Amino acid sequence: MHSERKIPMRFIKTKTYEELSNKAADIIAAVIINKPNCVLGLATGSSPVGTYKRLIEDNKSGKIDFSEVTSVNLDEYVGLDGSNDQSYRYFMNDNLFNHVNIDKSKTFVPNGCADDLKAEGEAYDKMIKDLGGTDIQLLGIGLDGHIGFNEPDKYFVGPTHEVVLDQSTIEANARFFESIDDVPKTAITMGMMSIMQAKKILLVANGEAKKEIVEKSFFGPIDPMVPASLLQLHPDVTVIYSEN
Ligand code: GLP
């Protein structure tokens with residue numbers, strides 16, 4: 001029996017990365033304008049950098065105000081603290097938080113230096129729940145379909161947890177480090193549960209290299225070997241893809 005595929009997703013294709021970034025920033029700005037004390041789920045990687053740049057401009061021009069915003073980030077490398085310029089805490093300060101009027105004490109990134117990462121994961125999920133969940137979760141996508149650091153696996157993993165990074169992820173992220181040996185082998189990532197509980201999902205991807213995995217994720221079967229494919233079951237997803 002064949003049923004018609006009905007996915008509630010919005011798939012937007014743009015010509016340029018700038019257009020992608022402008023659209024993504026508009027969507028996030030609308031959330032902040034509608035709910036000044038919203039919870040933003042934020043992501044690292046190169047894909048959202050243009051979006052952050054536009055949000056900084058919007059803040060400087062007075063269009064959006066971060067003073068009541070709380071943010072929760074997806075992931076962090078194990079063993080890197082916020083003073084390390086390759087940590088995701090450092091990335092967020094550098095690419096967004098240092099340039100907008102957000103209260104840094106309301107910006108959360110999992111602690112990759114926690115002694116007990118399992119307890120850290122549980123506390124992180126509880127905190128997100130206590131905040132009332134995220135109003136919008138911004139995501140990039142890895143070449144292997146990972147979101148946050150949820151790598152391809154036999155199962156989708158629900159809670160925030162420690163992961164062993166795939167060799168392909170280590171290779172892809174080596175460009176940010178002095179040598180591939182410096183890339184941490186493990187990370188702590190928000191799991192599928194907190195991601196899927198976000199009220200809105202916004203995934204941004206750009207470049208020819210991401211084309212195949214974007215197609216697999218959103219137009220192929222739902223498969224834990226392609227973690228982003230689970231987003232097909234979320235009721236409010238926007239994917240913005242630019243080939244450049
Ligand atoms: C990292 C991050 C992901 C990100 C991915 C893609 O592994 N943990 O959250 O989406 O890289 O990065 P980029 O946007 O640089 O391609």
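About the cut-offs
Residues numbered from 1 in each chain as written. Predicted model: local features only at pLDDT ≥ 70, side-chain atom pairs only at ≥ 80, totals over all residues. Heavy atoms only, no water. Patch = residues over 30% accessible without salt bridge, like charges linked within 9 Å, V, L, I, M, F, W, Y side chains within 5 Å. Areas by Shrake-Rupley, 256 points an atom, 1.4 Å probe, with all protein chains shown as cover. Salt bridge = Lys/Arg side-chain N within 4 Å of Asp/Glu carboxyl O. Lys, Arg positive; Asp, Glu negative; His and termini not counted. Charge placed at Lys NZ, Arg CZ, Asp CG, Glu CD. Helix = DSSP H or I, 4+ residues; strand = E, 2+ residues; numbered from the N terminus. Buried < 20%, exposed > 50% of the residue type's maximum accessible area, 1.4 Å probe, protein only. Arc of directions from axis to C-beta. Contact = heavy atoms within 4.5 Å. Phe/Tyr/Trp six-rings, centres within 6.5 Å; stacked < 30°, edge-to-face > 60°. Near = heavy atom within 4 Å. Polar contact = N/O pair within 3.5 Å; in protein donor to acceptor, adjacent residues only side chain to side chain. Nonpolar A, V, L, I, M, F, W, Y, C, P; charged D, E, K, R; others polar. Pairing = 2+ DSSP bridges. Axes fitted to C-alpha atoms, helices over the stretch in contact; angles between N-to-C directions. Parallel < 35°, antiparallel > 145°, perpendicular 65-115°, else oblique.

Trainee: Just to check I follow, could you spell out a negative patch on the surface for this structure?
Mentor: Together, D85, D94, E178, D181 and D182 make up a region of like negative charge exposed at the surface. Position of D85 among the secondary structure elements: in the loop between strand 4 (75-77) and helix 3 (88-95).

Trainee: Sorry if this is basic, but what is going on with helix 7 (residues 211-219) here?
Mentor: Quick reminder: α-helices carry 3.6 residues per turn. Residues three or four places apart thus point the same way. Buried within helix 7 we find I213, V214, S217 and F218. Looking straight down helix 7, one finds its buried side chains confined to an arc of 110°; they lie on one side. Buried residues along helix 7 sit in contact with strand 1 (10-14), strand 9 (201-206) and strand 10 (237-242).

Trainee: What am I meant to see in the packing of aromatic side chains here?
Mentor: Within a pair of aromatic rings, the relevant descriptors are the distance that separates the centres and the angle that separates the planes. Across all of its chains, the model carries 5 aromatic pairs by this definition. Here the aromatic rings of Y77 and Y88 are separated by 4.8 Å at their centres, their planes lie at 45°, and the arrangement is tilted. Remark: Y88 occurs in helix 3 and Y77 occurs in strand 4; sequence separation between them is 11 residues. Y77 sits in the buried class, given a relative accessible area of 1%. Owing to a relative accessible area of 11%, Y88 belongs among the buried residues under this scheme.

Trainee: Looking at this structure, I do not really get the site of the ligand. What am I missing?
Mentor: Around the ligand, a shell composed of 14 residues is seen, among which S46, S47, D75, H146 and K210 lie nearest. One of the side-chain nitrogen or oxygen atoms of D75 is found 2.8 Å away from a nitrogen atom of the ligand. For the ligand, the protein covers 95% of the area, taking 390 Å² as the surface of the free molecule. Of the residues that constitute the shell around the ligand, the class distribution is 3 nonpolar, 8 polar and 3 charged.

Trainee: It is not clear to me how the sheet that holds strand 8 (residues 186-189) should be interpreted in this structure. Could you clarify?
Mentor: One key point about sheets: their strands pair by backbone hydrogen bonds, in either a parallel or an antiparallel sense. Within the open sheet, the 3 strands sit side by side as 4-8-7. Their pairing is antiparallel. Two strands bound the open sheet, and with one partner strand each, they are strand 4 and strand 7 (161-164). Between one strand and the next, the sheet's axes are offset by a mean angle of 25°, whatever the strand orientation. In terms of strand pairing, strand 4 meets strand 8 through 3 bridges, oriented antiparallel. If you follow E76 over to strand 8, its bridge partner there is I188.

Trainee: I keep staring at the packing of helix 2 (residues 49-60) against helix 3 and nothing clicks. Help me out?
Mentor: As a packed pair, helix 2 and helix 3 sit with axes 10 Å apart at the nearest point and diverge in direction by 40°. Compared by their axis directions, helix 2 and helix 3 come out oblique. Listed contacts from helix 3 to V49, Y52 and I56 of helix 2 are F91, M92 and N95. Residues belonging to the contact of helix 2 with helix 3 are distributed by class as follows: 5 nonpolar, 1 polar and no charged.

Trainee: Looking at this structure, I do not really get the sheet that holds strand 3 (residues 70-73). What am I missing?
Mentor: Across the sheet, 7 strands lie side by side as 1-10-9-6-2-3-5; this open sheet has parallel pairing. The sheet is open, and its two edges are formed by strand 1 and strand 5 (107-108), each paired on a single side. One ladder, built from 6 bridges, connects strand 9 with strand 10; its direction is parallel. Note on strand 10: the bridge partner recorded for L203 is V239.

Trainee: I keep staring at the environment of N111 and nothing clicks. Help me out?
Mentor: Here N111 is to be found in the loop between strand 5 and helix 4 (117-130). It is 32 Å that separates the C-alpha atoms of N111 and K216, two residues lying 105 residues apart in sequence. Every residue in contact with N111, bar those within four places of it in the chain, is listed here: L117, E120 and I188. Looking at N111, its side chain comes within polar contact range of the main-chain nitrogen of C113, at 2.8 Å.

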